[in-house]
4 protein chains.
Amino acid sequence: MNHIRPLPSYLVHRYHGWKATTWTENRVWYRRLADEGQRPRAMVISCCDSRVHVTSIFGADSGEFFIHRNIANLVPPYSPDGEHHGTSATVEFAVTTLKVAHIIIVGHSLCGGVKGCHDMCTGQAPELEEKSSFVGRWMDLLRPGFERVKDKPEDQRLRALEKESVLVSLENLMTFPFVREAVEADELTLHGLWTDIGAGGLEQYDPASGAFVPL
Amino acid sequence: MNHIRPLPSYLVHRYHGWKATTWTENRVWYRRLADEGQRPRAMVISCCDSRVHVTSIFGADSGEFFIHRNIANLVPPYSPDGEHHGTSATVEFAVTTLKVAHIIIVGHSLCGGVKGCHDMCTGQAPELEEKSSFVGRWMDLLRPGFERVKDKPEDQRLRALEKESVLVSLENLMTFPFVREAVEADELTLHGLWTDIGAGGLEQYDPASGAFVPL
Amino acid sequence: MNHIRPLPSYLVHRYHGWKATTWTENRVWYRRLADEGQRPRAMVISCCDSRVHVTSIFGADSGEFFIHRNIANLVPPYSPDGEHHGTSATVEFAVTTLKVAHIIIVGHSLCGGVKGCHDMCTGQAPELEEKSSFVGRWMDLLRPGFERVKDKPEDQRLRALEKESVLVSLENLMTFPFVREAVEADELTLHGLWTDIGAGGLEQYDPASGAFVPL
Amino acid sequence: MNHIRPLPSYLVHRYHGWKATTWTENRVWYRRLADEGQRPRAMVISCCDSRVHVTSIFGADSGEFFIHRNIANLVPPYSPDGEHHGTSATVEFAVTTLKVAHIIIVGHSLCGGVKGCHDMCTGQAPELEEKSSFVGRWMDLLRPGFERVKDKPEDQRLRALEKESVLVSLENLMTFPFVREAVEADELTLHGLWTDIGAGGLEQYDPASGAFVPL
């Protein structure tokens, strides 16, 4: 594997700084987390986007959140066909092994994946419709959301679709038997959030009004 | 969707605190990141484990890292079969759209997913061998790594398998044509790390010695 | 130009070492920075003093900070008289072209320029009062700061004047219309720091208390 | 001064990391540098550009280089008119007080200031010709260099002008009596470098051939 390279040294320096400060301050707790295992209260599913940091937004301690990040914070529907379903594996592990009390889906403004879905569904991105496009096939998961927003005025459609990425995931979560059972046994609650990167806003889905409402 | 609940209030409080402090300190930059888009230098693929935080370890600024987190930081082999491949979609987006300069795979000690793979491969976890086990099917990706470490003494095997989760991902990355092309064009470099949660250690894979070496 | 000499060979050797290591580690990112241009988050104005290195203190990556260094980290007041104002040009470029989100002024202990200003203002350095003294004329910029600290006990005066070099610059920055507009439009924030070279300390100006406070 | 803001916390964290590692490792030397003063061997004049780091390129120790950074690494001609000449003050301080043995001018590829000068001199940037443009008035210093390259083919002109920014500075340095005297007494040598950001190249001016030659 001669294509593997040393880490850039500015990251090595920063790591040593972290080791000498943050790690040292927290070492007793980190050792307990190592000895006793993690016990996160919540699972968070958010986007890979470099501008979205739920640990920062929620001041999360080490050990608090089990975090899955993928393109556009999507959860596929339950499909136990024996294939590699990375996202479904994270949900299964969180709910059946870690027994998290909450699953929080976090969508965000300016999502490149959602934009890709929008362009694909409106015929502006034929390359995403190719069988070989992983991003395209992944964003197919959001097509049911696109169907619900496609008649909105163009200037509202993208934002609406970003929020649909949260709602579709929440719907799909409930197709997993172990999720539904945990929810029905009141051992798990589900939450839908959407964050505005530029404005630092945070809205949550309110089922009563069927809308996202600022916190 | 009456199973959707309001966010626990302690998280709402923390969000408001973040908005009043961290967001306020960084608001000008966050707005520019919103207006001009992200330009992350690196993609990081790490585990969902609540005890692993690469942004903390590397003092990363918002906008620095595009982060995918899944069980055991695994990348599957290239398989353009038209199915939903969430991880492959993140790699495709990072390399072909964002054109990141680095992909950094970060494994870690005490990985529950790796432990599951080990138990499954040694016959101690028949439930993971079921077709319906998403975790089991996902961890199948690490079987080639298990084959390479299975003859090690039992007390070294698990740690060796954790490091194999990094190496298998690095190998699989090179099966993606767009990754291989970017590496060969010297537009992308790959890096393999493994972190010890309790001790705060960080090791990187050194291809010359074929071993992980402390930073 | 027969007064131009070859670079001392120890620097040539070090450059070749850097090329083979740091440049190689970072080459993909450096090329992108070259192809796409810089997008620094902050401008730093610090002293030329060989003992002050903000990139080291802040673990800065290449491309993170736009850095101006002059004697005593001074910014002159806005004066669009058509003369060569090197410092004003750096501020103009940072704010109007690069649109940096922060300007950080960094003063430091044991500043030779500040000491010169002190000696000049107390009549102990007549040579700095000459019209031909570039250092003297440059340090005239700090005279308003000297007026504010001249009645302090002698053993506190120099340190107070070092901090005034930060405050005078922050005040003068606000005399530039494009700085004031960007600050008022919340597109730019200003920060004042002072570092203790021997002790490695770092203090920031806190407008609420009107004092520098350790970080 | 209610426009002064707290430093973004990611920089505070990085500072604490630096304090605990780099500072700690070097504390004895930093204290000596504080107690005995700086004694830099060389002065470096380079650009503010965030992609140019001479301390990195030359692996410079704290205390080694007295560094002035301005737009396009320019030195104005000697002009003791009693005005604020920030750059001339740095040269005066370096040569007469610190008695550095070398002054190294470092130009670079893709210089925004040089580009501005080029556009101004070719009539493509009338805004830079305004009396109120600090960048324009500063870049006037490079007009003699533009005159020497203006007849080159367009695709070579910009690079040639970047190198002229080094040569003009070297010429202007010799108009300072204290620089000329130190050079003639063989107490000071001058050096001209140009670095290619993307390729990591470094060239030095060779007076024999009148050209920049790779190191």
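Heads up: the structure comes first, above all this text.
Residues numbered from 1 in each chain as written. Chains lettered and ligands numbered in written order. Predicted model: local features only at pLDDT ≥ 70, side-chain atom pairs only at ≥ 80, totals over all residues. Heavy atoms only, no water.

**Structural notes on the packing of helix 4 (residues 112-121) of chain D against helix 7 (residues 154-173) of chain D**
All names here are of chain D.
- Between helix 4 and helix 7, the least distance of the axes is 10 Å, while the angle of their chain directions is 115 degrees. The interaxial crossing formed by helix 4 with helix 7 has right-handed handedness. Contacts from Val114, Lys115, Cys117 and His118 in helix 4 reach Arg157, Leu158, Leu161, Glu162 and Ser165 in helix 7.
- Classifying every residue of the contact of helix 4 with helix 7 gives four nonpolar, two polar and three charged. (Axes fitted to C-alpha atoms, helices over the stretch in contact; angles between N-to-C directions. Helix = DSSP H or I, 4+ residues; strand = E, 2+ residues; numbered from the N terminus. Left-handed = near helix turned anticlockwise from the far one by under 90°. Contact = heavy atoms within 4.5 Å. Nonpolar A, V, L, I, M, F, W, Y, C, P; charged D, E, K, R; others polar.)

**A look at the relation of the copies chain C and chain D**
- The two copies are related by a screw operation: chain C maps onto chain D through 180 degrees of rotation and 0.0 Å of translation along the axis, at an RMSD of 0.1 Å. Expressed as an axis order, the relation between the two copies is that of a two-fold axis. Taking the C-alpha atom as reference, chain C places Arg69 of chain C closest to the rotation axis, 2.5 Å from it.
- The fraction of interface residues of chain C whose copies in chain D are also interface residues reaches 99%, indicating that both copies meet through the same surface. (Least-squares fit on C-alpha atoms with pLDDT ≥ 70 in both.)

**Considerations on the interface of chain B and chain C**
- Contact residues are listed per partner, giving 24 residues for chain B and 24 residues for chain C.
- Taking both partners together, chain B and chain C bury about 2100 Å²; carbon and sulfur atoms supply 42% of that area.
- Per-residue buried area on chain B facing chain C is highest for Trp29, Arg39 and Arg41 of chain B; these three make up 37% of the total on that side.
- At the junction of chain B with chain C, the criterion picks out eight salt bridges.
- Residue Arg41 of chain C is joined to Asp61 of chain B by a salt bridge in which the shortest nitrogen-to-oxygen separation is 2.6 Å.
- In this structure, the connection of chain B to chain C is made through 16 residue pairs in polar contact (both at pLDDT 80 or more).
- When the residues that make up the side of chain B that touches chain C are grouped by side-chain class, the tally is eight nonpolar, five polar and 11 charged. (Buried area = accessible area lost by both parts, 1.4 Å probe. Salt bridge = Lys/Arg side-chain N within 4 Å of Asp/Glu carboxyl O. Polar contact = N/O pair within 3.5 Å; in protein donor to acceptor, adjacent residues only side chain to side chain.)

**Digging into helix 8 (residues 177-184) of chain B**
- Residues of helix 8 of chain B that are buried include every one of Phe178, Val179, Ala182 and Val183 of chain B, and no others. The arc that holds every buried residue of helix 8 of chain B, seen down its axis, measures 135 degrees, which confines them to one face. The outward face of helix 8 of chain B, more than 90 degrees from its buried face, is lined by the exposed residues Glu181 and Glu184 of chain B.
- Those residues of helix 8 of chain B hidden inside the fold are in contact with helix 5 (134-139) of chain A together with helix 3 (86-98), helix 7 (154-173) and strand 4 (189-196) of chain B.
- Asp186 of chain B occupies a position one or two residues after helix 8 of chain B and carries a positive phi of about 60 degrees. (Buried < 20%, exposed > 50% of the residue type's maximum accessible area, 1.4 Å probe, protein only. Arc of directions from axis to C-beta.)

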